[in-house]
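Fold and contact review
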Amino acid sequence: MKIFMILIAALFPFLHNTPYEVQISDCQKDQIIAESQGSKLNLSLFNIHLKNENAWKKTCSILMEADHVTMEIDPTTQINEKLSVYLFADGTLIQEELLSQGLAYILIRNPEYVYEEQMEKAETKTTQTMAKPTIKKNINVILFRGLYILEYVLFYG
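The sections below set out a description of the structure shown in this document.

The rules we used
Residues numbered from 1 in each chain as written. Predicted model: local features only at pLDDT ≥ 70, side-chain atom pairs only at ≥ 80, totals over all residues. Heavy atoms only, no water. Helix = DSSP H or I, 4+ residues; strand = E, 2+ residues; numbered from the N terminus. Buried < 20%, exposed > 50% of the residue type's maximum accessible area, 1.4 Å probe, protein only. Salt bridge = Lys/Arg side-chain N within 4 Å of Asp/Glu carboxyl O. Disulfide = S-S within 2.5 Å.

1. Regarding the environment of L83
- Here L83 shows up in strand 6 (residues 82-89).
- The class for L83 is buried, based on a relative accessible area of 2%.
- Along the chain, L83 and L41 lie 42 residues apart, while their C-alpha atoms are 7.3 Å from each other.

2. With respect to the pattern of salt bridges
- Summed over all chains, the structure comprises 3 salt bridges.
- The closest approach of N and O atoms between E120 and R109, which form a salt bridge, is 3.9 Å. Of this pair, E120 sits in helix 4 (residues 116-156) while R109 sits in the loop between strand 8 (104-106) and helix 4, placing them 11 residues apart in sequence.
- The salt bridge involving E123 is made with R109; its shortest N-O contact spans 2.4 Å. Here E123 is found in helix 4, whereas its partner R109 is found in the loop between strand 8 and helix 4, with 14 residues between them in sequence.
- Given a relative accessible area of 11%, E123 falls into the buried group.
- Three or more residues are tied together by salt bridges with common partners; here these are R109, E120 and E123.

3. Structural notes on the state of the cysteines
- Applying the stated criterion across every chain yields a total of 1 disulfide.
- The disulfide partner of C27 is C60, and the S-S distance across this bridge is 2.0 Å. Because the torsion about its S-S bond is -75 degrees, the bridge between C27 and C60 counts as left-handed. Taken together, the residues C27 in strand 1 (residues 20-28) and C60 in helix 2 (residues 53-65) connect sequence positions 33 residues apart.
- You can call C27 buried: its relative accessible area is 13%.
- Overall, C60 belongs to the buried group, its relative accessible area being 10%.

As structure tokens, this is what we get:
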């Protein structure tokens, strides 16, 4: 059993739920290449989907301009060739930033995920902010129609 654990540690030196500093070497649509602890990694953003190419451009811009980038692997993540991680640029969770700007959406809602609550709050803020003008417009229409009916009843009725 000890040999098996040593072999796993040697093949993949990263632990779940532990921050690791990474250097981003390349960032393109659907591909983030980073280096950490002597390993070259193909990364993806854990539990979000970017809506369009502009979202990818924003993601790459944030990552490439950051002074300090770290990653964390959620305890539920399977370790595959493309590693799904939480990415932090200068201390800010990239997933949360993209959700708050309406550039991404959450794939799976699971309270077991480490940053799920934080990500849901960011997405909810965006959804509420985007919905407010529609609600206000609907209220104005209802009020206008109500006043029109009241005026009709008072004067003609």
